[in-house]
Amino acid sequence: MESSFSFKTSRLSVDRGPEDPTKIMSIISTLPKKEGLNPSYDLYQYQGFWIPLVYLQATLFMQENFKAQPSDIYVCSSIKTGTTWLKALAFSIVTRDIFDDSTNPLLTKVPHECLPFLESDYATNTKLDTDLPLLATHLPYTLLPQSILDCKIIYICREPKDTFVSMWHFIRRIEEENFINNADVTLEQEFKWFCEGKSAYGPYWDHVLGYWKASIERPDRVLFLKYEDLKKETLCYVNKLADFMEKPFSTEEQARGVPEEIVARCRFESLSNLEVNKSGLHRPETLSGFSNSVFFRKGEIGDWKNLLTHNMEKSIDKITQEKFQSLGLTFPTL
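Per an unreviewed UniProt entry, the recorded name for the protein chain is Sulfotransferase, and the organism is Datura stramonium. Under the Sequence similarities (unreviewed entry) heading, UniProt states for the protein chain: "Belongs to the sulfotransferase 1 family."

This is the structure in structure tokens:
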């Protein structure tokens, strides 16, 4: 197993390891493995979660070396749960007194490039804008570097059936753009893996529960959001996000309609119609770079009905009920 990664020293303490790539790869070589889109994205089961190789390398390093700043705010999620939207909202709220409508980076960058992504940006020599407190990760709560647990964390989840369907379309688009012929992996097979927890950052239900429990135990530190609630009452949650991030809207801002402007700017239709999100490329320097448009498909609630069979619906709902309902976590479709 080869390694070609290097680590940036910003926010890192390098006086303790494992910081040697050889040691990290030695640990990874002992883990259960599932093949991914390419060798860099093979999934390895580490401490109960299936993490892509390219991100697991960084995870192991960060767990030992990453030092969060007390003012940091972490936007956390599993994949395809509303991450793009939440990043845009959080970024707009925090930077509203820095950028105006003509200079907002969201006009020229996909939201994912407005916030450093821990698993890649802090594990490379990529130049980062560290002036802002916002950072993002897909890591489960139990795999976060210890220092992050003292910071503010915002987590978004989504109804599991919609999460799976969004993930399915996302992976297919990336395969098409990278000319990957993965015809042997059917919807049924991918669904089976998802239900078994063998998907990127899965099991999905355990990913959600980690942050749900943390939000109950430490509500001052962990804000737990559901995609469906954010869609239904976006303005309410924009105000809640601003309060949680200690950037509340002033009376004057409320009177000028600043929260409403942020909601409008970050709407699915607004973001998806920007030229950068229609024709731009996401991380073109990587082997699996793809179009920004991949992040914008429908953004609808209940789209799973257009793809899943009745038996699939029953199977996934059964898991959701068994995992969530005893803890008081429910979704509108249950």
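J.: Whenever I open this one, the overall build of the protein chain confuses me. Can you help?
T.: Per the secondary structure count, the protein chain includes 14 helices and 9 strands. In the protein chain, which comprises 334 residues, the proportion classed as buried is 55%.

J.: Hey, could you run me through helix H11 (residues 258–265) in this one?
T.: Since the α-helix turns once every 3.6 residues, residues separated by three or four places project in the same direction. Taken residue by residue, H11 has Val258, Pro259, Ile262 and Val263 as its buried positions. One side of H11 holds all its buried residues, which, seen down the axis, span an arc of 145°. Among the structural elements, helix H3 (83–94), helix H9 (234–244) and helix H10 (251–256) are those in contact with the buried residues of H11.

J.: Help me understand the confidence of the model for the protein chain, please; the structure alone is not making it clear to me.
T.: Interpretation of this model should avoid reading the predicted coordinates in detail wherever pLDDT is low. Considering every residue of the protein chain, the mean pLDDT works out to 84; 82% of them sit at 70 or more. Confidence drops under a pLDDT of 50 for residues 12–18, and excluding neighbours within four residues, the segment shows 20 contacts in the predicted structure.

J.: Help me understand the environment of Leu307 in this model?
T.: One can find Leu307 in the loop between strand E9 (290–291) and helix H14 (310–324). If near-sequence neighbours (up to four positions away) are discounted, Leu307 is found in contact with Val165, Trp168, His169 and Leu187.

J.: It is not clear to me how the pattern of salt bridges should be interpreted in this structure. Could you clarify?
T.: Applying the stated criterion to the full structure yields 14 salt bridges. When the shortest N-O distance is used, the salt bridge between Asp97 and Lys247 registers 3.2 Å. Of this pair, Asp97 sits in the loop between H3 and helix H4 (118–121) while Lys247 sits in the loop between H9 and H10, placing them 150 residues apart in sequence. Salt bridges sharing partners connect three or more residues here, namely Glu159, Lys161 and Asp317.

J.: I tried to follow the sheet that holds strand E6 (residues 152–157) on my own but got confused; where do I start?
T.: Strands belonging to one sheet form pairs held by backbone hydrogen bonds; the direction of such a pair is parallel or antiparallel. Read from one edge of the open sheet, 4 strands run E5-E4-E6-E7, paired in parallel fashion. Both outer strands of the open sheet, strand E5 (134–137) and strand E7 (222–226), are each paired with one neighbouring strand and no more. Averaged over all pairs of adjacent strands, the angle between their axes in this sheet comes to 20°, without regard to strand direction. Across the sheet, helix H7 (residues 204–217) is in contact with strand E4 (73–77), E6 and E7; its angle to E7 comes to roughly 130°. Those strands touched by H9 are E6 and E7, and its axis lies near 165° from that of E7.

J.: Help me out: how do you make sense of the sheet that holds strand E1 (residues 33–34) in this one?
T.: Spatially, 3 strands are ordered E1-E2-E3 in an open sheet, and the strand pairing comes out antiparallel. Two strands in the sheet have a free side with no partner beyond their single neighbour: E1 and strand E3 (49–52). The sheet contacts of helix H2 (residues 53–65) involve strand E2 (43–46) and E3, and relative to E3 the element is tilted by about 110°.

J.: Hey, could you run me through helix H6 (residues 187–196) in this one?
T.: Every buried residue of H6 is listed here: Leu187, Glu190, Phe191 and Phe194. Each buried residue of H6 sits inside an arc of 100° when the element is viewed along its axis, so together they form one side. Note on H6: the residue one or two positions beyond its end, Gly197, has a positive phi of about 90°.

J.: Honestly, the pairing of E2 in this entry has me stumped. Any pointers?
T.: Every other side chain in a regular strand lies on the same face of the sheet, so the side chains alternate between the two faces. Relative to E2, E1 is paired through 2 bridges, and the arrangement is antiparallel. Paired with Lys33 across the bridge in E2 is Tyr44. Where E2 and E3 come together, 4 bridges link them in antiparallel fashion. By the bridge assignment, Tyr44 is partnered in E3 with Ile51. Linking two consecutive strands that pair antiparallel, namely E2 and E3, is a turn of 2 residues; a positive phi of about 50° is found at Gln47 within it.

J.: What should I look at first to understand the packing of aromatic side chains in this one?
T.: The description of two aromatic rings rests on the distance between their centres and on the angle between their planes. In this structure the tally under the stated criterion is 15 aromatic pairs. Ring centres 5.5 Å apart and planes at 90° place the aromatic pair Tyr55 and Phe117 in the edge-to-face group. Here the residue Tyr55 occupies a position in helix H2, and Phe117 occupies one in the loop between H3 and H4, the gap between them amounting to 62 residues. Under the relative-accessibility criterion, Tyr55 is labelled buried at 14%. Phe117 sits in the buried class, given a relative accessible area of 7%. Ring centres 6.1 Å apart and planes at 20° place the aromatic pair Phe91 and Phe99 in the stacked group. Classification of Phe91 by relative accessible area gives buried; the value is 3%. Put simply, the rings of Tyr141, Tyr155, Tyr211, Trp212 and Phe224 touch in pairs and so form one group of aromatic residues. One residue, Lys152, lies across the ring of Phe244, its end atom 4.6 Å from the ring centre. Across the ring face of Tyr227, the terminal group of Arg158 is positioned such that the distance to the ring centre comes to 4.4 Å.

Here is what the cut-offs are and how they apply
- Residues numbered from 1 in each chain as written.
- Predicted model: local features only at pLDDT ≥ 70, side-chain atom pairs only at ≥ 80, totals over all residues.
- Heavy atoms only, no water.
- UniProt positions renumbered as here; feature names shortened; annotations may be inferred.
- Helix = DSSP H or I, 4+ residues; strand = E, 2+ residues; numbered from the N terminus.
- Buried < 20%, exposed > 50% of the residue type's maximum accessible area, 1.4 Å probe, protein only.
- Arc of directions from axis to C-beta.
- Contact = heavy atoms within 4.5 Å.
- pLDDT = per-residue confidence, 0-100.
- Salt bridge = Lys/Arg side-chain N within 4 Å of Asp/Glu carboxyl O.
- Pairing = 2+ DSSP bridges.
- Axes fitted to C-alpha atoms, helices over the stretch in contact; angles between N-to-C directions.
- Phe/Tyr/Trp six-rings, centres within 6.5 Å; stacked < 30°, edge-to-face > 60°.
- Lys NZ or Arg CZ within 6 Å of the ring centre and 35° of its normal.

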